[in-house]
Each structure stands twice: as structure tokens, then as C-alpha cells.
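A closer look at the structure
For reference, the chains in residue letters:
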Amino acid sequence: MRRFTLLLLCACITACGGGGGGSSPATPEPPPEPTNPDPEPTSLTLLDALPASGVSADPQQGQVFFAHLGHSDLEITLSGDCTNFSGTTLRRQLFDLAQSQFDQLLDHRVNCDLTGNSTFTFTADGTRSNDAAFQAQHTISTTTASPGGLLPRESRDLPRSAIDNLFAGYVRGALMGRFDLAGDVESALLDIAGDTWEHLTDPEALYDVRSERVSYLSSAPDGSPGMDLTGLIAYPVTASTPTFTARDKMLVLMHATGSTPSDQNPADAWFILANQFAARGYLVIAPDNYGRGGTGEAAETYLMANRTARNAHDLLAAVQESSSYDAIYDGNAVTIIGYSQGGHSAMALYQHLVSHDADLDIREVYAGGAPHDLYRTFYGILQFANGTCDDNDYCRYVDDETTVPFLTDRVLPAVTAYTDVGLELSELVAGERLSPSLVTGFLANEAAYDPLKIILQLNSLTNLESASTNYADSSALVHLYHSEFDRLVPYANTQALDRLLRDVVNVDFHENRCNSGGYEAIFNLTDRVGVLHTLCGLSVLNDIFEDLR
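Residues numbered from 1 in each chain as written. Predicted model: local features only at pLDDT ≥ 70, side-chain atom pairs only at ≥ 80, totals over all residues. Heavy atoms only, no water.

1. Remarks on helix H10 (residues 436-443)
Owing to its 3.6 residues per turn, the α-helix brings residues three or four apart onto one side. Along H10, the residues classified as buried are Leu438, Val439, Gly441, Phe442 and Leu443. Those residues of H10 that are buried are in contact with helix H7 (374-386), helix H8 (404-418), helix H9 (425-428), strand E20 (433-434) and helix H11 (450-458). Two residues or fewer past H10, Asn445 is found with a positive phi of approximately 60 degrees. (Buried < 20%, exposed > 50% of the residue type's maximum accessible area, 1.4 Å probe, protein only. Helix = DSSP H or I, 4+ residues; strand = E, 2+ residues; numbered from the N terminus. Contact = heavy atoms within 4.5 Å.)

2. Side note on the sheet that holds strand E21 (residues 477-481)
Spatially, nine strands are ordered E10-E11-E14-E16-E15-E17-E18-E21-E22 in an open sheet, and the strand pairing comes out mixed. Two strands lie at the open edges of the sheet, namely strand E10 (150-158) and strand E22 (506-509), each paired on one side alone. For this sheet, the mean angle separating the axes of adjacent strands, direction not counted, is 20 degrees. Where strand E11 (residues 209-216) meets strand E14 (residues 230-236), seven bridges bridge the pair, whose relative direction is antiparallel. Bridge assignment links Val209 to a residue of E14, and that residue is Pro236. (Pairing = 2+ DSSP bridges. Axes fitted to C-alpha atoms, helices over the stretch in contact; angles between N-to-C directions.)

3. A word on the nonpolar core
Core analysis: the largest hydrophobic core is formed by 114 residues, its most contacted members being Phe122, Tyr350, Val411 and Phe442. When sequence neighbours within four positions are dropped, the list of residues in contact with Val411 reads Tyr302, Leu303, Leu374, Phe378, Phe406 and Leu456. Membership of the second largest hydrophobic core comes to 45 residues, among which are Leu251, Trp270, Ile272 and Phe485. (Core = buried A, V, L, I, M, F, W, Y, C linked by side-chain atoms within 4.5 Å.)

4. Re the sheet that holds strand E4 (residues 63-70)
Strand pairing in a sheet relies on backbone hydrogen bonds. The paired strands run either parallel or antiparallel. The four strands lie next to each other as E2-E4-E7-E6, forming an open sheet whose pairing is antiparallel. If you trace the sheet from one side to the other, it starts and ends with strand E2 (48-50) and strand E6 (83-93), each paired once. Strand-to-strand, the axes of this sheet are offset by a mean angle of 15 degrees, without reference to chain direction. Each of E4, E6 and strand E7 (104-113) touches helix H6 (residues 341-355); the most contacted strand, E6, lies at about 135 degrees to it.

5. So, the state of the cysteines
The tally for this structure, following the rule as stated, stands at three disulfides. A sulfur-sulfur separation of 2.3 Å characterises the disulfide bridge that pairs Cys82 with Cys112. Linking Cys82 and Cys112, the disulfide has an S-S dihedral of approximately -110 degrees and is accordingly described as left-handed. Remark: Cys112 occurs in strand E7 and Cys82 occurs in the loop between strand E5 (75-80) and E6; sequence separation between them is 30 residues. On the basis of relative accessibility, which here comes to 15%, the residue Cys82 falls in the buried class. In this structure Cys112 comes out as buried when scored by relative accessible area, which is 8%. Across a sulfur-sulfur distance of 2.1 Å, Cys514 and Cys536 are joined as a disulfide pair. Handedness of the Cys514-Cys536 disulfide follows from its S-S torsion of about 80 degrees: it is right-handed. Remark: Cys536 occurs in helix H15 (residues 531-548) and Cys514 occurs in the loop between E22 and helix H14 (517-525); sequence separation between them is 22 residues. When the cysteines of the protein chain that form disulfides are numbered from the N-terminus onward, they connect as 1-2, 3-4, 5-6. (Disulfide = S-S within 2.5 Å.)

So this is what it looks like as C-alpha cells:
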């Protein structure tokens, strides 16, 4: 087993109860006053970074992040030996570690202008309330700049009439075939469809649409550059409409689990949605996650917030820099849309753009049905596997067939492929099941699982202690959706995010949208895990279509 080289300043500390992050540790007492008036700072080991140490990055990608443990009374100063440097720190709570004197996870985001074939060092200098000094450093190198830009692959044209029928075909085919529901459940589902999906089933397309599969300059999960990532760009065909006025807002779609928008599959809900929005006059971009589309041979960066957001931002920036879409989009405003996995990605992209001070006007963010608290959601699945679920919000509806594969097939392969948690995938997954040693050791707060817990908390979006600072300049309206009947992703995820953001940014939590009598009826008629999760997602997309049309 690979050993994780996490620096701990002392080996004292207690195990924080087994409640899956029910409470954060108390702020550790500062050590005694240093006897040396100018002590050397204590070095802090990095837990994750992008680009990774030893990787050569493209100089055009001047966004860097690095994370380490710290203290809540640690005052941080960020610096870097590059021009136009800026940076901010996201402070995250720490839960359930077996060995640590730390109480926070510090996630630094920095920007600067890089030059090719050079080396740069970024430093986080910290001082505690008793003047004890700490320091974390991250050094990267750069290659020669790549040509960059967008590389067109395949394109597809759809007439207005075909776009008007796309969603109805999806409901009859992919959706119904996927669930194979009993007659009474299917009838209840169709009732909901008729009542709440009117804009999806009848989008009233105004334009034909061209969709393009493109490759673009971005980075692999270790930060190395490449043109392998793919995405979809969809836009209205307006050549025969001389009165068309370019919109000042672009739509960014963050896809759900199993979707690859650039495949241009008419049975893919996110390809359908891209065409429907484009048919109403919008420029729409939909990046494929790393591990899908052009990078489909690799493990997917599933729920890896910083990496997914960086790739999406690179596509967004490439589209902005291109003159190919000037007749459709003329501005710097964006709306970010995602559901389920995509809801987590949408919030991660929003956080990334705000943290890196991107020159964008983020108008709206729509995030529904997402595992925003990845750590607690993971913990709840282990409680189910261990037979210790006490009917709490994060394990109540977990099942072997649908929910456990969320960890075995997606979360754990991503974490072990792209971060150092000191454990191999084979030590965490046994066949198609979670390893018994993972389940018992993680819940018992064994020290070997501390690095895994830290990475899960780094990729959660509900544990920010610095939200009022990190989102201070954002004027976006954040729309949140979730069904309390959702058996796939616990409703508590969105409740927690709402509590975090409500006093910080403009939030509209549409609590009634997916909690009608029809949803409750289907909940009582079937225990199929993904049904209501999917129905809520389509209702959310219908609402968005109404807002933006």
C-alpha cells in the first residue's frame, strides 16, 4: 500500500465521532510562544495541486490551485514569482480525522501571467495568533505555448421541426425504456410529464441548429496540456434571419452522469437540451468531462470539482476568444446549468470562476439534485454497507443496485487515479462491492483513511467557512432544486448548500418544484432509485427553458 506523506505537526488528537461530519473540531489551541523571535516557518505538505508537482503546464493556463491543512487562526499571505499575480483562499471545515492538530483545509486559487519554458513558485505564508509561522509552497514548470484555440471535429444540422420532436422521442424511448416501469407508475410519470414538461415537449424552435464537436486546449487531471478534451457547441442558424440580434449571454451546460454531449446522440438529454436552447437563439456550450468523449479511455474526473471546473472554463474561454460565434453571442455574460453530477459541476464552475476573478458576468446558476456534500454522501453509503444506518438523511434510501456503484464505479476510480490517498483502488473496491476494510476502517476513523477523507472534503461544496469572502463580489442568482423523495442523491445535500449560501449570494431554493403530490405518489408506487431523481431533473430543465426563452 502506498503511504501518503501527510505532514502532521504532532500526533496528539482525538477521533471526531462517527457521525459523518456532524460537527467540526474545535479550533486547536495555539502552541506556546516561540522562543526564537524569528523562527523558520514550519513547512506544510501539499495534499493536492493542479498542475501537479513535476508536470510541465502550458504557459497560457495561468490558473493554479494547491491545498494543505491549516488552522482557523492562520492568517495567509499568497505570493508568486510571476507578473499580474492574484490569489484567494477557500477555507474548508475538516471532519472526522483520526490524526490531526489542524481544523481547516486551505484551498488556494491563484492566477498570473506565465512565460514558456520557465519555473514558477507559489507560496502561502501563514502566521497564527501566537506568531507561529507556517509555509506551503508549490513549484511548477511550463512548456512552449501550444497553438490553442478550437479544433472542429464533426458537425450536425437539425431543422426546427426535428428539434421540436426531440424531447418527446426521448420520453417515449430512452426514458421509459431505461426504467421499465409498471403500468400505474408509468401512467403517473406521464401525468407529471404532461403537467410540468410543457416547454421541453413543445419548445417552439425558432431556428435550425448546428452543433459542433470540438477539441480545445486544456489540461489532463495532472495539469499537463493537451488538445484531447472535447465538448459540444450548439448555435442557431441565422443566415436567413437578417433581423437576428446577437445575445449577450452564453449558456454553459454541465452534463449529468453517463452523458457525453459531444457524441451528438439524439437519445442524450443534454444534447437535446443544447439544441432546444440554441433553437431559441442562444450560443450553448457543453463540455465533456475528462474521461468522456475525446478522453474516453481514461477514468472520468467524477465529482472532482477543481479539475472539472478548470476544463469547463478552458472551453468557455476558447469560445469567447474565437470570432466564429460573434454573430450569435456578443457579450461576457453566462448562465451555468447542471443537474445531478452536473449540478455539482455547475456549482464547482461557479466557485472556480468567482475564485479566479474571471472577467465574466455570471447571471444565473441552476444546480439541481447534486451531491454537493460529497463527504457526507460517501459516508452515508458506507453506513448503509455497514448496517449502521440510523435512518439519517444521507443513508436512508441507499441501495446496493444503484447507489453503491456511485462509489465503486465512479467516485473511487477518480479519486485513486488522480490524487494520492495512500490507497489503491483494489484496496477500496472488491469486485463490484466496497471493500469491507474500507467500510469498517473509514467509519472507525482509522488513520489510513484520513487522506481519502480530506480529498472528499476538498471536493465538497458545502463546507466552506469563508463563503462570505469567496462569493463577496458575485451578483449571480443561484437556483437550487431537489426532491425530498429523491432516493439516489440525498435531499440534505441541497439543504446544506442553501444554508451555506443564503446569507452570502442571491439564492432561490425551489423547494416545491419536485415535491408535489405526483412525486409522492410515484415514491409510494415504486422503490426504483433513479426514477424521481430523473423526473425532478427534467422538471428543473423545463423551468430553466421557461426562464430563458
